Amino acid sequence: MKKVAVYPGSFDPITNGHLDLIERGLKIFDSIVIAVAANPGKKPLFTFEERLEMINASIEGHPMQSRIQVGSFNGLLVDYVSSIKANTILRGLRAISDFEYEFQMALMNRKLSTEIETLYLMTGMRWIYISSRIIKEVVMSGGCVTGLVSPAVEKRLAERLKEPNRSL
Ligand code: PNS
């Protein structure tokens, strides 16, 4: 029986912190399904298709690519997890600031489905300070994010934020 974990998120856009978590998750699971929330609560900078495209470009050629799938969902995460016959949600935890939201989300998901467990991995030290939000903010203000996101994401960000009247 293969061990599969679902790694959900908005991925607006995917960062090297996300990729690090996937790599570390693959030490525990046989495969990981990156589950992109089609309509996340917060208004994304990138469309659903763009977010998927950046994920695919970021995992392209990865040595563990065959063990990484990309999926998407609308509606409840637990319904998506059950629909693909998985029972584990994988999430990363950075600092204390993530804890309250993650705790609430994990408990709500457990209330919605007692069959599904959420597993947290601490973000790698190297990526502890990055988030999709801060990456967008830095690029928007003219800063460089090389090494924090894949080259494909860096290119997309530069293109998007150069568009006139574009704000986060
Ligand atoms: O990357 P994010 O924005 O922190 O991801 C949050 C996400 C998309 C995983 C979460 O908002 C989610 O699961 N949304 C789907 C709706 C749902 O199932 N809500 C109940 C649990 S909070």
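This report concerns the structure included in the present document. Predicted model only: the values in this text are computed from it and were never measured.

Reading guide: rules and limits
Residues numbered from 1 in each chain as written. Predicted model: local features only at pLDDT ≥ 70, side-chain atom pairs only at ≥ 80, totals over all residues. Heavy atoms only, no water. Helix = DSSP H or I, 4+ residues; strand = E, 2+ residues; numbered from the N terminus. Rg over C-alpha atoms; globule rule 2.2 N^0.38 Å. Buried < 20%, exposed > 50% of the residue type's maximum accessible area, 1.4 Å probe, protein only. Contact = heavy atoms within 4.5 Å. Lys, Arg positive; Asp, Glu negative; His and termini not counted. Charge placed at Lys NZ, Arg CZ, Asp CG, Glu CD. 1 Å grid on protein atoms, 1.4 Å probe; cavity = no way out; pocket = protein on both sides within 12 Å on 5 of 7 lines; lining within 4 Å. Points joined across faces, edges and corners; volume = space filled by probe spheres on them. Nonpolar A, V, L, I, M, F, W, Y, C, P; charged D, E, K, R; others polar. Near = heavy atom within 4 Å. Polar contact = N/O pair within 3.5 Å; in protein donor to acceptor, adjacent residues only side chain to side chain. Areas by Shrake-Rupley, 256 points an atom, 1.4 Å probe, with all protein chains shown as cover. Sits in = over half its atoms within 2 Å of the grid points. Pairing = 2+ DSSP bridges. Core = buried A, V, L, I, M, F, W, Y, C linked by side-chain atoms within 4.5 Å.

1. Some thoughts on the overall build of the protein
Working step 1: Each helix and strand in the protein was counted, giving six helices and five strands.
Working step 2: In sequence order, the protein lays out its α and β elements as β-α-β-α-β-α-β-α-β-α-α.
Working step 3: In terms of overall dimensions, the protein is globule-like: its C-alpha atoms have a radius of gyration of 16 Å, near the 15 Å expected for 168 residues.
Working step 4: Projected onto its principal axes, the C-alpha positions of the protein cover 45 × 35 × 30 Å.
Working step 5: Across the 168 residues that make up the protein, the buried fraction comes to 46%.
Working step 6: Taking as baseline every contact in the protein between residues at least 6 positions apart, the subset at least 24 positions apart corresponds to 74%.
Working step 7: Of the side-chain charges in the protein, 21 are positive and 18 negative, and the distance between the mean point of each set is 1 Å.

2. Observations concerning the layout of surface pockets
Working step 1: Size it by volume and the largest pocket reaches roughly 1,200 Å³.
Working step 2: Residue lining of the largest pocket: 44 residues in total, with G9, S10, F11, K42 and R91 positioned closest to the centre.
Working step 3: Broken down by secondary-structure element, the contributors of at least two residues to the lining of the largest pocket are β1 (4–9), α1 (16–25), β4 (88–93), α4 (96–112) and α5 (132–140).
Working step 4: When its residues are assigned to classes, the lining of the largest pocket shows 20 nonpolar, 14 polar and 10 charged.

3. What to know about the site of the ligand
Working step 1: Around the ligand sit 13 residues, and of these S10, K42, L77, R91 and N109 come closest.
Working step 2: Between the ligand and the protein, one listed contact pairs an oxygen atom with a side-chain N or O atom of S10 at 2.5 Å.
Working step 3: Separating an oxygen atom of the ligand from a backbone N or O atom of L77 is a distance of 2.8 Å.
Working step 4: Out of a free accessible area of 530 Å², the ligand has 77% covered by protein chains.
Working step 5: Applying the majority rule of atoms within 2 Å of the grid points places the ligand in the largest pocket.
Working step 6: For the shell around the ligand, the secondary structure elements donating two or more residues are β1 and α4.
Working step 7: Top contributing element to the shell around the ligand by residue count: α4, with three residues.
Working step 8: Partitioned by chemical class, the residues of the shell around the ligand number seven nonpolar, four polar and two charged.

4. Structural notes on the pairing of β4
Working step 1: The buried count for β4 comes to six of six residues, which makes it a mostly enclosed element.
Working step 2: Neither face of β4 is exposed, since T88, L90 and G92 on one face and I89, R91 and L93 on the opposite face are all buried.
Working step 3: In this structure, β4 lies alongside strand β5 (residues 117–122), joined through six bridges in parallel fashion. Its bridge partner lying in β5, R91 is registered against Y120.

5. So, the nonpolar core
Working step 1: Residues F11, I22, I32, I34, I135, V145 and L157 are the most contacted members of the largest nonpolar core, which totals 30 residues.
Working step 2: Contributing elements (two or more residues each) for this core: β1, α1, β2 (31–37), α2 (48–59), α5 and α6 (151–162).
Working step 3: In this view, I32 contacts A5, Y7, I22, G25, L26, R67, I68, Q69 and L90; residues no more than four positions away in its chain are not counted.
Working step 4: Membership of the second largest hydrophobic core comes to 12 residues, among which are F73, V78, Y80 and V81.

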